Amino acid sequence: MPGAATDDMVESRRYTQHAQGPAAVLAIGTENPTNIVLQDEFAGHYFSLTKCNHLTELKEKMKRICEKSGIEKRYMHMGDEFIRAHPEIIDKNLPSLDARADIAATEVLKLAESAARKAIAEWGRPATDITHLIFSTYSGCRAPSYDLQLASLLGLRPTVSRTILSLHGCSGGGRALQLAKELAENNRGARVLVACSEVILMCFGCPDVTNIVGHAIFGDGAGAVIVGGGPFDDDVERPLFEMVAASQTMIPGTGKEIGMQITSTGIDFQLTMKVPMLIRDNIQQCLLDAFRSMGNTDPPNWNDLFWAVHPGGRAILDSIEGTLQLQPSKLAASRHVLREYGNMSGATITFVLDEVRRRREKEDGEQQKQPEWGVMLAFGPGITIETMVLRTPKPCGLKEN
Ligand SMILES: CC(C)(COP(=O)(O)OP(=O)(O)OC[C@H]1O[C@@H](n2cnc3c(N)ncnc32)[C@H](O)[C@@H]1OP(=O)(O)O)[C@@H](O)C(=O)NCCC(=O)NCCSC(=O)CC(=O)O
């Protein structure tokens, strides 16, 4: 029977097990395959590769989409040789899930490992100090899965607490970072490795009108982030973004607007034309809710913030910029990532965070300081919007209290 002393012990343990202050991003690493696909050559290449040159109208539509995509290049593991070796990938009448899953098992892990090693090197502490691992991908088909394999490859401790997130699509990175924040803040000393790794191999196939936008914008990439709460090891750890408040919202009745389904012929996906408009119509409320959850009754001027927005597509960035009346520079990091890498689904947001901090460091050198407060936004099936309020940490020596 628990007595009073036991209650006190439990309460005191609950108190001492919390971190000091909000969790923070402590390091970021990214990786892509070496194979580059140029966007202005993509339509011709893709229709030849899939043997669909006879679909002339669709091919012309693909060219128009590529021109308007805001993308210059993407990275893709899969090339011509792979398709020649696996003709079932482009034949809807043949099962191809096994072949896809075999290759993905190697490539998803390889990209994640490289991104994670970069993040750990930047963090500066040994990999064995990682207490939690969250892995997000839409390419997982097996157990034990990528989380366990990555933990082994990196030499993490056997007690590392692992979680795998599956098929969250482009919101997977945002979700993983929110979970990492919760874990870091509720477990003093926790250091959470978030790894997001995506290869389009699982989805690649012949074009149709529902998937043509996806084939024109998705690419391969992996991002890794180390998240931890205070106290920090001031000799080594350098917080990059404080993760102040986070929330997830779904837009009711929009389950069919972004969809992914595993079939014997790979992942079928669709994106409807309503996606940019639905995000535009709901984004302001998500932001207001996020700031009100922190006790701010007056929302900030959106142009006083820095922005790390998942570049789901050029039209999504345009619609957010338009509805919030953002200055063009505000989404520059997101547009840069879209231009240089395309949409790498759940991994993309880690590239955007990396780009925001790179720009901040450059601007700080030039004395054009970025705003202290910012927002991270990611979108995925649901439609789900992941919102996180971020803050630039004060330089060492200027810390409050
Ligand atoms: C595709 C675009 C680059 C096209 O640019 P514009 O809209 O400016 O140009 P546009 O209106 O002339 O459209 C060019 C052609 O594309 C067609 N088109 C546009 N959107 C389409 C869609 N979703 N499905 C099929 N076709 C589409 C138009 O009808 C038009 O055909 P025609 O020329 O024949 O008239 C843009 O609409 C865009 O960025 N859309 C958002 C893409 C998106 O949904 N991303 C979310 C990814 S999912 C994600 O990030 C989360 C996740 O995966 O989980």
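Residues numbered from 1 in each chain as written. Predicted model: local features only at pLDDT ≥ 70, side-chain atom pairs only at ≥ 80, totals over all residues. Heavy atoms only, no water.

### Focus: the pairing of strand β10 (residues 266-271)
Working step 1: In this sheet, β10 lies alongside strand β9 (residues 258-263) in antiparallel orientation, the contact comprising six bridges. Paired with Gln 261 across the strands is Asp 268, a residue of β10.
Working step 2: Between β9 and the antiparallel strand that follows it, β10, lie two residues. (Pairing = 2+ DSSP bridges. Helix = DSSP H or I, 4+ residues; strand = E, 2+ residues; numbered from the N terminus.)

### Regarding the site of the ligand
Working step 1: The immediate surroundings of the ligand are formed by 27 residues, with Arg 64, Lys 68, Cys 170, His 310 and Arg 314 found nearest.
Working step 2: At 3.4 Å from a nitrogen atom of the ligand is found a main-chain nitrogen or oxygen belonging to Thr 272.
Working step 3: At 3.0 Å from an oxygen atom of the ligand is found a side-chain nitrogen or oxygen belonging to Asn 343.
Working step 4: When isolated, the ligand has an accessible area of 1,000 Å², and the protein chains bury 81% of it.
Working step 5: For the shell around the ligand, the elements supplying multiple residues, two or more each, are α3 (56-68), α8 (212-217), α9 (275-292), α10 (314-323) and β12 (373-380). (Near = heavy atom within 4 Å. Polar contact = N/O pair within 3.5 Å; in protein donor to acceptor, adjacent residues only side chain to side chain. Areas by Shrake-Rupley, 256 points an atom, 1.4 Å probe, with all protein chains shown as cover.)

### As for the sheet that holds strand β5 (residues 161-166)
Working step 1: Pairing is mixed in the open sheet, where nine strands are placed in the order β5-β4-β6-β7-β1-β8-β13-β12-β11. The open sheet is flanked by β5 and β11 (306-309), the only strands paired with a single partner. Averaged over all pairs of adjacent strands, the angle between strand axes in this sheet comes to 25 degrees, irrespective of strand direction.
Working step 2: Contacting β1 (20-31), β4 (132-137), β5, β6 (191-198), β7 (221-230), β8 (241-250), β12 and β13 (384-391), helix α7 (residues 172-186) runs over the sheet at an angle of about 125 degrees to β8. (Axes fitted to C-alpha atoms, helices over the stretch in contact; angles between N-to-C directions. Contact = heavy atoms within 4.5 Å.)

### Let's talk about the confidence of the model for the protein
Working step 1: In this model, the protein carries an average pLDDT of 93, and 96% of its residues clear a pLDDT of 70 or more.
Working step 2: Between residues 397-401, whose pLDDT stays under 50, and residues either more than four places distant or in other chains, the model counts four contacts.
Working step 3: Under the prediction, the complex receives an ipTM of 0.97, its pTM being 0.95. (pLDDT = per-residue confidence, 0-100.)

### Description of α10
Working step 1: What α10 keeps buried is the set Ile 316, Leu 317, Ser 319, Ile 320 and Glu 321.
Working step 2: Taken together, the buried residues of α10 touch α9, β11, α11 (332-341) and β12. (Buried < 20%, exposed > 50% of the residue type's maximum accessible area, 1.4 Å probe, protein only.)

### Concerning the packing of aromatic side chains
Working step 1: Enumeration according to the criterion identifies ten aromatic pairs in this entry.
Working step 2: Arranged with centres 5.4 Å apart and planes meeting at 85 degrees, the rings of Tyr 46 and Phe 47 form a pair that is edge-to-face.
Working step 3: An angle of 75 degrees between the planes, with centres 6.3 Å apart, marks the rings of Trp 302 and Trp 307 as edge-to-face. Residue Trp 302 shares its accessibility class with Trp 307, and that shared class is buried.
Working step 4: Three or more aromatic residues joined by ring pairs make a cluster, and in this case those are Phe 42, Tyr 46, Phe 47 and Phe 204.
Working step 5: The ring of Phe 42 has Arg 74 lying over it, and the distance from NZ or CZ to the ring centre is 4.2 Å.
Working step 6: The ring of Phe 241 carries Arg 360 above its face, with NZ or CZ at 4.7 Å from the centroid. (Phe/Tyr/Trp six-rings, centres within 6.5 Å; stacked < 30°, edge-to-face > 60°. Lys NZ or Arg CZ within 6 Å of the ring centre and 35° of its normal.)

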